[in-house]
Amino acid sequence: MSGEKWGLNIPFVSFGAVTSDDLFCPNEEEIFRFYRANKDRYHRALDIGANIGVHTILMCKNGWAVKCFEPDNMHFALLAKNLLENQHLIKGGVSAPGIGRVAVSDHDGTETFVRVKGNTTSSHLKGDKQPYGELEELEVPVVDCRPLFDWANFAKIDCEGHEARLLLTVTPEQAKKIDFMVEVGNKKNAELIFLHFAKLPTKLWAQKIGWNQVSRFEDMPVHHSEGSLFIGREPPFHVKP
């Protein structure tokens, strides 16, 4: 059963080309260790692109108040089920995370969601990726990220190519109070994020270079296989200078 190592009850699921076991790959497990190491660093967290709830449950396990968002109705059903099955892990008086079957964007409204049937973990808002294989399109509600960033002091973002749209809304005031753990989907988004945060009172730290500080664009991840990007004033772990 997926997640046993981390004390989670996450039944095996196939997403097509990948399975729930891939949610516990080495790069992801480093982020899980980050949650554990920073238990007292955060109190209000966002899980944007929650999939079936692994990150949400681990955040709740820390006692954080969590709001999670997943637009795919099939993933959302599994998310709700997994939260119920792991409710014994939700600590700190948090009875349940806030959950929404919505996408997060830079506005309120609706957008077209593209489900990639051969790998539903690659599903995305239309225009954010070059889709492949058999596809299905449906309209989904979207909510504006800016009030969410005002509320939270940590956000995990894995939204399949939409990450730059969200992060380009971050203001200097928000950058002083909220940290981000982000999967960067492509070079264009990496460039936009790199340039935007160069103007803000925060720093970039990349998993691909051992969580050291990004000092040039070449240090930025441009694909999920290169690991995540941490955005914060302090490093995610104790790293070498």
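Provided above is the structure to which this section pertains.
Presented here is a report on the structure given in the accompanying data block. Given the structure is predicted, the values throughout are model-derived calculations rather than measurements.

About the thresholds
- Residues numbered from 1 in each chain as written.
- Predicted model: local features only at pLDDT ≥ 70, side-chain atom pairs only at ≥ 80, totals over all residues.
- Heavy atoms only, no water.
- Core = buried A, V, L, I, M, F, W, Y, C linked by side-chain atoms within 4.5 Å.
- Buried < 20%, exposed > 50% of the residue type's maximum accessible area, 1.4 Å probe, protein only.
- Helix = DSSP H or I, 4+ residues; strand = E, 2+ residues; numbered from the N terminus.
- Contact = heavy atoms within 4.5 Å.
- Axes fitted to C-alpha atoms, helices over the stretch in contact; angles between N-to-C directions.
- Parallel < 35°, antiparallel > 145°, perpendicular 65-115°, else oblique.
- Left-handed = near helix turned anticlockwise from the far one by under 90°.
- Salt bridge = Lys/Arg side-chain N within 4 Å of Asp/Glu carboxyl O.
- Pairing = 2+ DSSP bridges.
- Expected span 1.5 Å × (residues − 1).
- Right-handed = clockwise from strand over helix to strand, strands pointing away.

Our focus in this paragraph is the nonpolar core. Of all hydrophobic cores here, the largest spans 34 residues; its most connected members are L8, Y35, V54 and F154. Listing elements by their share of this core, those giving two or more residues are helix 1 (26-37), helix 2 (54-61), strand 2 (65-69) and helix 3 (73-85). Of all the elements, helix 2 adds the most residues to this core, at 5 residues. Contacts of L8, omitting those with residues within four sequence positions, involve M1, S2, G3, F24, V54, I57, L58, N86 and L89. Counting 31 residues, the second largest nonpolar core, distinct from the first, contains A155, C159, V214 and M220.

Before going further, it helps to examine the packing of helix 1 against helix 2. The N-to-C vectors of helix 1 and helix 2 enclose an angle of 20°; their axes lie 10 Å apart at closest approach. Classified by the angle between their axes, helix 1 and helix 2 sit roughly parallel to one another. Crossing hand, helix 1 versus helix 2: right-handed. Counting all contacts with helix 1, which are made through E28, I31, F32 and Y35, the residues of helix 2 involved are V54, H55, L58 and M59.

Considering the arrangement of structural elements, one finds T120 in the loop between strand 5 (109-116) and strand 6 (124-125). Overall, T120 belongs to the buried group, its relative accessible area being 10%. Once residues within four sequence positions are removed from consideration, T120 is found in contact with F15, H75 and R115.

Turning our attention to the pattern of salt bridges. Close approach of charged atoms lets side chains of opposite charge pair. Under the criterion given, the structure shown has 13 salt bridges. When the shortest N-O distance is used, the salt bridge between D106 and R165 registers 3.0 Å. Of this pair, D106 sits in the loop between strand 4 (103-105) and strand 5 while R165 sits in helix 5 (residues 163-167); the two residues are 59 residues apart in sequence, bridging distant segments of the chain. What makes D106 partly exposed here is its relative accessible area of 22%. Two residues, K126 and E137, come together in a salt bridge whose shortest N-O distance is 3.3 Å.

On to the environment of H224, then. Take H224: it is sitting in the loop between strand 11 (212-213) and strand 12 (229-232). Taking the C-alpha atoms as reference, H224 lies 9.3 Å from N27; in sequence the two are 197 residues apart. Those residues in contact with H224 that lie beyond four places of it in its chain are N27, E183 and V184.

In this fold, I178 is placed in the loop between helix 6 (172-175) and strand 9 (179-182). The class for I178 is buried, based on a relative accessible area of 1%. Counting along the chain gives 44 residues from I178 to V222, while the straight-line C-alpha distance between them is 22 Å. Dropping the residues within four chain positions of it, I178 is found in contact with F149, A152, N153, F154, A155 and I231.

What follows concerns the sheet that holds strand 4. Spatially, the 4 strands line up as an open sheet ordered 4-7-5-6, and their pairing is mixed. Edge positions in the sheet fall to strand 4 and strand 6, since each has one partner strand and no second. Direction of pairing for strand 5 relative to strand 6: antiparallel, over a ladder of 2 bridges. The partner of F113 across the bridge, within strand 6, is L125.

Its 12 residues place the ends of helix 1 16 Å apart at the C-alpha level, agreeing with the 16 Å of an ideal helix rising 1.5 Å per residue. Every buried residue belonging to helix 1 is among E28, E29, I31, F32, F34 and Y35, and all of these are buried. Where helix 1 is buried, its residues touch helix 2, strand 8 (154-157), strand 9 and strand 12.

A few words now on the sheet that holds strand 1 (residues 44-48). Pairing is mixed across the open sheet formed by 8 strands, whose spatial order is 3-2-1-8-9-12-10-11. Two strands bound the open sheet, and with one partner strand each, they are strand 3 (98-100) and strand 11.

Now for the pairing of strand 1. Of all 5 residues in strand 1, 4 are buried, a share of seventy percent or more. Bridge count between strand 1 and strand 2: 5 bridges; the pairing is parallel. For D47, the partnering residue across the bridge sits in strand 2 and is C68. The β-α-β motif built from strand 1, the intervening helix 2 and the parallel element strand 2 has right-handed crossover chirality. In this sheet, strand 8 lies alongside strand 1 in parallel orientation, the contact comprising 4 bridges. Bridging across to strand 8, I48 finds its partner in I157.

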